[in-house]
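Here are the chains, one letter per residue:
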Amino acid sequence: MWRFTFYLCIFCYGIRFLWSSTWFWDTRQCWHSYPYQSLTSGLYYYYIMELAFYWSLMFSQFTDIKRKDFLIMFVHHLATIGLITFSYINNMVRVGTLVMCLHDASDFLLEAAKLANYAKYQRLCDTLFVIFGAVFVATRLGIYPFWVLNTTLFESWEMIGPYPSWWLFNGLLLILQVLHIIWSYLIMRIAFKALIRGKVSKDDRSDVESSSEEEDVTTSTKSPRGGNSSNGANRVNGHMGGSYWAEE
């Protein structure tokens with residue numbers, strides 16, 4: 001709920017802020033008069049809020065439930081914090097706001113789907129996850145490379161030319177693109193399973209999604225109706241599953 005609230009609020013703020021910005025409609029404005037571009041208070045607070053949140057994710061990852069993509073998430077947080085800090089120091093804040101807003105567009109949908117899953121509203125969970133998958137692929141594999149990377153790689157080269165920090169900045173952006181491809185594969189894999197099985201499967205990244213599931217497993221194992229302990233082991237987010245879930 002905390003992540004859903006933050007992602008939704010910061011995305012709304014980003015859209016509201018960028019809607020009146022010239023570089024939102026013309027990405028070449030990101031490099032006009034660079035590096036002598038003013039830093040407004042709205043842009044400053046946008047950066048500080050995003051940076052603080054990703055630092056919190058960096059630390060909380062070590063106390064959160066261990067997942068298969070721990071290393072990928074760790075690299076993602078490092079690259080994100082590096083990009084936000086680096087772009088702020090080099091006054092690349094205009095294109096930085098485009099990157100942040102684009103990434104926030106789908107994140108709150110994923111957190112909403114998780115909330116529905118924990119509340120055992122399976123149909124709502126499936127609907128939100130499908131919307132999230134569509135928005136994620138459209139923004140990360142469509143808009144991001146053809147809109148953001150296009151201006152950082154080609155328009156900036158044309159208008160201000162390459163310089164030492166230019167290579168590092170674009171290198172970090174390309175690392176994010178590689179992570180986008182990996183996550184898109186995982187999302188489409190879950191979506192495919194949902195179409196086959198009729199509902200969204202559990203998170204492929206972890207064997208147990210939350211401590212509440214462990215309680216469900218314990219309760220099911222001790223229940224008189226669940227004499228076979230495998231029934232408890234096959235519970236996924238409050239739903240009973242067959243051998244398929246046990247293999248997962």
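Structural data are supplied above this passage.
Along every chain, residues carry numbers that run from 1 in the direction the sequence is written. Note on the predicted model: pLDDT of at least 70 is required for a residue's local features to be given, and 80 or more for side-chain atom pairs to be given and counted; whole-chain, interface and lining totals, by contrast, use all residues. Excluded from the side-chain calculations are hydrogens and water; all other atoms, namely the structure's heavy atoms, are used.

Enquirer: Residue-level account of the overall build of the chain, with values.
Expert: Strands are runs of DSSP state E lasting at least 2 residues, helices are runs of H or I lasting at least 4, and numbering of each runs from the N terminus. Check the secondary structure of the chain and you find ten helices and zero strands. Helices and strands in the chain line up, N terminus first, as α-α-α-α-α-α-α-α-α-α. For the exposure calls, accessible area comes from a 1.4 Å probe over protein chains only, and a residue counts as buried if that area is under 20% of its type's maximum, exposed if over 50%, partly exposed in between. Every one of the 248 residues in the chain was classed for burial, and the buried ones make up 48%. Whether two residues are in contact is decided by their heavy atoms: any pair within 4.5 Å suffices. Pairs at least 24 apart in sequence give 75% of the contacts found in the chain among residues at least 6 apart. When the accessible area of the chain is evaluated, it comes to approximately 13,100 Å², of which 67% is carbon and sulfur surface. Here the accessible surface of atoms and residues is derived via Shrake-Rupley with a 1.4 Å probe, and residues count as covered only by protein chains that are part of the display.

Enquirer: Which residues make up the packing of helix H1 (residues 2–19) against helix H5 (residues 93–118), and what values go with them?
Expert: Orientation is described by axes fitted as lines to C-alpha atoms, over the contacting stretch for helices, and by angles from 0 to 180 degrees between their N-to-C directions. Contact geometry for H1 and H5: axes closest at 8 Å, N-to-C directions at 145°. Here H1 and H5 pass one another in a crossing that is left-handed. Here H1 contributes Arg3, Phe4, Tyr7, Leu8, Ile10, Phe11, Gly14, Ile15, Phe17 and Leu18 to the contact with H5, which in turn contributes Thr97, Leu98, Cys101, Asp104, Ala105, Asp107, Phe108, Glu111, Ala112 and Leu115. Crossing chirality is assigned from the near helix's rotation relative to the far helix, an anticlockwise turn below a right angle marking it left-handed and a clockwise turn marking it right-handed.

Enquirer: Just give me the short version of the pattern of salt bridges, but keep the residues and values in it.
Expert: Think of a salt bridge as a Lys or Arg side-chain nitrogen and an Asp or Glu carboxyl oxygen that are within 4 Å of each other. If you walk through the whole model with that rule in mind, you get two salt bridges. The residue Glu158 makes a salt bridge to Arg28 at a minimum N-O spacing of 3.4 Å. Taken together, the residues Glu158 in helix H6 (residues 122–159) and Arg28 in the loop between helix H2 (22–25) and helix H3 (41–60) connect sequence positions 130 residues apart. Note on Arg28: relative accessible area 30%, which makes it partly exposed. Note that Arg140 is salt-bridged to Asp107, the shortest N-O span being 3.2 Å. Note that Arg140 is positioned in helix H6 and Asp107 in helix H5, a separation of 33 residues in sequence. Per residue, the accessibility class of Arg140 equals that of Asp107, and both read buried.

Enquirer: So, the packing of H5 against H6: which residues are in play, and what are the values?
Expert: Direction vectors running N to C along H5 and H6 enclose 170°, while the axes themselves pass 8 Å from each other. Relative to H6, the element H5 lies roughly antiparallel. Two packed elements cross with a definite hand, and for H5 against H6 that hand is left-handed. Tallied by class, residues from the contact of H5 with H6 come to 22 nonpolar, seven polar and two charged. Angle categories: roughly parallel below 35 degrees, roughly antiparallel above 145, roughly perpendicular from 65 to 115, and oblique for all the rest. Side-chain classes follow a simple rule in which Ala, Val, Leu, Ile, Met, Phe, Trp, Tyr, Cys and Pro form the nonpolar group, Asp, Glu, Lys and Arg form the charged group, and the remainder, Gly included, forms the polar group.

Enquirer: Which residues make up the packing of aromatic side chains, and what values go with them?
Expert: The aromatic pairing rule takes the rings of Phe, Tyr and Trp, using the six-membered ring of Trp, and pairs them if the centres are within 6.5 Å, calling planes under 30 degrees apart stacked, those over 60 edge-to-face and the rest tilted. The tally for this structure, following the rule as stated, stands at 29 aromatic pairs. Centre to centre, the rings of Trp19 and Phe24 are 6.2 Å apart; their planes meet at 40°, and the pair counts as tilted. Trp19 sits in the exposed class, given a relative accessible area of 54%. For the pair Trp31 and Tyr34, a centre-to-centre distance of 6.0 Å together with 75° between the ring planes defines the contact as edge-to-face. Both residues of the pair, Trp31 and Tyr34, count as buried. Three or more aromatic residues joined by ring pairs form one cluster here, namely Trp2, Phe6, Tyr7, Phe53 and Tyr54. Geometrically, a lysine NZ or arginine CZ counts as sitting over a ring once it is within 6 Å of the ring centre and also within 35 degrees of the ring normal. If you follow Lys66 out to its NZ or CZ, it ends over the ring of Phe70, 5.0 Å from the centre.

Purely geometric numbers; function is a separate question.
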